[in-house]
Amino acid sequence: MAFTLAQIADITETTREKVAKNMWVDLASTLYNYVGAKQLMNKKRTSVDAGRVIQWKVQVDHGDNARSTKLYDQDTTAKFDMFKTAEIPWRYQQTSWMYDEREQAANVGDSEIQLINFVKAQEIAARQNLIELFEGQIWGVPADANDDLTLYGMKYWLPFNNTTAAGGFEGGTPFGSTVASINPTTYPAWQHWTATYSDVTKTDLIEKWRRAFLRVQWNPPVNFPELGKGLSDFGYYCGSETVLKLETALENQNDNLGNDIDSKGGKTVFRGVPVVHAAKLDADTQEPVYGINWNTFELCVMQGYWWKRSGTFRDDQSHNVMKAYIDCTANLKCVNRRKNFVLFQAA
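Since we're looking at a predicted model, the values are computed, not measured. Counting restarts for each chain, with residues numbered from 1 along the sequence as it is written. The predicted origin of the model limits local features to residues at a pLDDT of at least 70 and limits the giving and counting of side-chain atom pairs to 80 or more, whereas totals for whole chains, interfaces and linings rest on all residues. The side-chain numbers reported here are obtained from all heavy atoms of the structure, hydrogens and water having been left aside.

**Student:** Explain the pairing of strand β11 (residues 297-302) to me, using residue names and the numbers behind them.
**Tutor:** Any residue under 20% of the maximum accessible area for its type is buried, any over 50% is exposed, and the rest in between are partly exposed; the area is computed with a 1.4 Å probe on protein chains only. By the criteria applied, helices consist of DSSP H or I runs no shorter than four residues and strands consist of E runs no shorter than two, each listed in order from the N terminus. For β11, the tally of buried residues reaches five of six residues, placing the bulk of the element in the interior. Summarising the sheet, strand β1 (residues 45-48) and β11 pair through four bridges and their orientation is parallel. Pairing of T46 across the sheet is with C300, part of β11. Any two strands between which DSSP finds at least two bridges are classified as paired. Bridge analysis of β11 against strand β14 (residues 321-334) gives five bridges, and the strand direction is antiparallel. Note that in β14 the partner of L299 across the bridge is L332.

Rendered as structure tokens:
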């Protein structure tokens with residue numbers, strides 16, 4: 001009679017399986033990349049000392065005093081108002097974990113007993129959960145003007161509004177009449193470039209992409225201490241379906257593909273900059289393509305409240321239960337909307 005090892009009782013009773021210590025596989029994450037959170041948290045994070053809100057100054061006029069003159073002309077100089085104040089509120093984020101001290105007692109000990117540090121694993125999971133919250137909100141928008149919880153994400157700063165087929169500075173607002181307390185109807189320059197497309201072809205999406213890039217290259221005629229100054233630091237982001245269509249378009253313009261059936265996979269670039277797949281955009285049925293000038297974006301964080309880990313506290317109702325928290329105070333700021341663009345399919 002033949003047996004498998006699992007059917008032999010003595011082997012089962014006398015043999016311990018070899019398991020990697022303090023290592024595991026994550027199947028809990030709902031996104032397969034976090035490009036927005038990675039860019040903003042690691043590269044574009046700015047600490048703000050204090051303040052009730054986040055503010056910055058926007059020049060909306062340079063007057064109309066320049067003119068051509070003749071000898072003995074009388075001077076004419078008019079007074080004008082140059083500045084408006086842009087303003088966004090703080091938003092607050094939190095994650096937490098808990099455990100019963102008796103769970104911890106059962107989990108500690110020599111290496112023969114503890115396979116995974118149970119308490120540490122819970123903290124790691126809580127941190128993962130907070131990054132997922134950030135990533136979702138970075139690409140999103142508050143539900144409406146009454147939403148006082150959600151970050152001001154990309155769809156707040158770069159909403160999908162457009163009326164001109166070829167594209168234009170028509171971004172408008174996601175809701176209400178203002179963005180960061182400035183009205184783009186009153187000040188049309190406070191808008192980003194938008195265009196709609198139907199097909200991922202050279203004469204549709206790609207032509208509109210090229211036009212959008214050219215039209216958002218704003219450079220002042222006189223140097224000054226400009227917010228968001230510097231050479232354009234563009235990133236291009238879209239969902240997986242759009243990436244696949246772009247790779248197909250790239251293959252169609254290249255006759256020498258060789259034997260690689262995915263010869264253009266991961267190689268799509270625009271003006272030398274890689275086109276990046278943002279997993280959170282996969283669910284967006286309008287298949288947006290974002291052209292983000294990262295010089296104009298900052299993740300503003302309140303000093304002392306960025307991933308602030310509070311001590312471990314005993315629960316008021318359960319004396320054996322311990323709780324721990326991580327808190328953030330942050331919001332996403334775009335100092336100059338008109339240096340960015342978004343292309344999208346009509347709803």
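**Student:** Would you mind going over the side chain of T150 in detail, with residue names and values included?
**Tutor:** Counting through the fold element by element, T150 comes out in the loop between α4 (118-138) and α5 (154-157). Only 2.8 Å separates the side chain of T150 from the side chain of D147, close enough to count as a polar contact. By definition, residues are in contact when any of their heavy atoms lie within 4.5 Å. Here T150 is in contact with R91, Q137, V141 and P142, once residues within four sequence places are set aside. As used in this structure description, the phrase polar contact means that two N or O atoms lie within 3.5 Å; if the pair is within protein, one of them must be able to donate a hydrogen and the other to accept it, and residues adjacent in sequence are counted only when both atoms belong to side chains.

**Student:** How would you summarise the packing of helix α2 (residues 35-42) against α4 if you had to cite specific residues and measurements?
**Tutor:** Two quantities define a packed helix pair, namely the angle between the helix axes and the distance between the axes. Orientation is described by axes fitted as lines to C-alpha atoms, over the contacting stretch for helices, and by angles from 0 to 180 degrees between their N-to-C directions. Where α2 contacts α4, the two axes come as close as 8 Å, and the packing angle between them is 100°. One finds that α2 runs roughly perpendicular with respect to α4. Along its contact with α2, which presents V35, G36, A37, L40 and M41, the element α4 presents I131, F134, E135 and I138. Considered class by class, the residues forming the contact of α2 with α4 number seven nonpolar, one polar and one charged. In what follows, roughly perpendicular refers to angles from 65 to 115 degrees, roughly parallel to angles under 35, roughly antiparallel to angles over 145, and oblique to any angle outside these ranges. Amino acids outside the nonpolar list (Ala, Val, Leu, Ile, Met, Phe, Trp, Tyr, Cys, Pro) and the charged list (Asp, Glu, Lys, Arg) are all regarded as polar, and Gly is one of them.

**Student:** Now, about the nonpolar core: what can you tell me, with residues and values included?
**Tutor:** Within this scheme, the nonpolar core is defined by two criteria: the residues are buried Ala, Val, Leu, Ile, Met, Phe, Trp, Tyr or Cys, and they are joined through side-chain atoms within 4.5 Å. Ranked by size, the top nonpolar core spans 49 residues in total, and within it W56, W139, M154, W157, Y290, F297 and W306 carry the most contacts. Counting residues per element, this core draws most heavily on β14, at six residues.

**Student:** Describe the packing of aromatic side chains, naming the residues involved and giving the relevant values.
**Tutor:** Two descriptors summarise a pair of aromatic rings, namely the distance from one centre to the other and the angle between the planes of the rings. A pair of Phe, Tyr and Trp rings is counted when the ring centres sit within 6.5 Å of each other, with Trp represented by its six-membered ring. The angle between the planes then sorts it: under 30 degrees is stacked, over 60 is edge-to-face, the rest tilted. Summed over the entire model, instances satisfying the criterion amount to 24 aromatic pairs. Ring plane angle 50° and centroid distance 6.2 Å describe the contact between F160 and Y290, whose orientation is recorded as tilted. Of this pair, F160 sits in the loop between α5 and β5 (168-169) while Y290 sits in strand β10 (residues 289-293), placing them 130 residues apart in sequence. Each ring, one from F169 and one from W218, has its centre 5.8 Å from the other, and the planes form 55°; the classification is tilted. Of this pair, F169 sits in strand β5 while W218 is found in the loop between α6 (205-215) and β7 (234-238), placing the two residues 49 residues apart along the sequence. Overall, W218 belongs to the partly exposed group, its relative accessible area being 33%. Linked through ring pairs, W139, F160, Y237, Y290, W294, F297 and F344 together constitute an aromatic cluster. In our convention, an over-ring charge means Lys NZ or Arg CZ found within 6 Å of a ring centre and within 35 degrees of that ring's normal. For R337, the ring lying beneath its charged end belongs to W190, and the centroid distance is 5.9 Å.

**Student:** How would you explain unusual backbone geometry if you had to name every residue and give the values?
**Tutor:** The phi angle at S181 is positive, at roughly 70°, despite the residue not being glycine. Relative to the helices and strands, S181 is located in the loop between β5 and β6 (193-196). The partly exposed category is assigned to S181, whose relative accessible area is 45%. You will see that W307, though not glycine, has its phi angle at about 50°, which is positive. Within the secondary structure, W307 is located in the loop between β11 and β12 (308-309).

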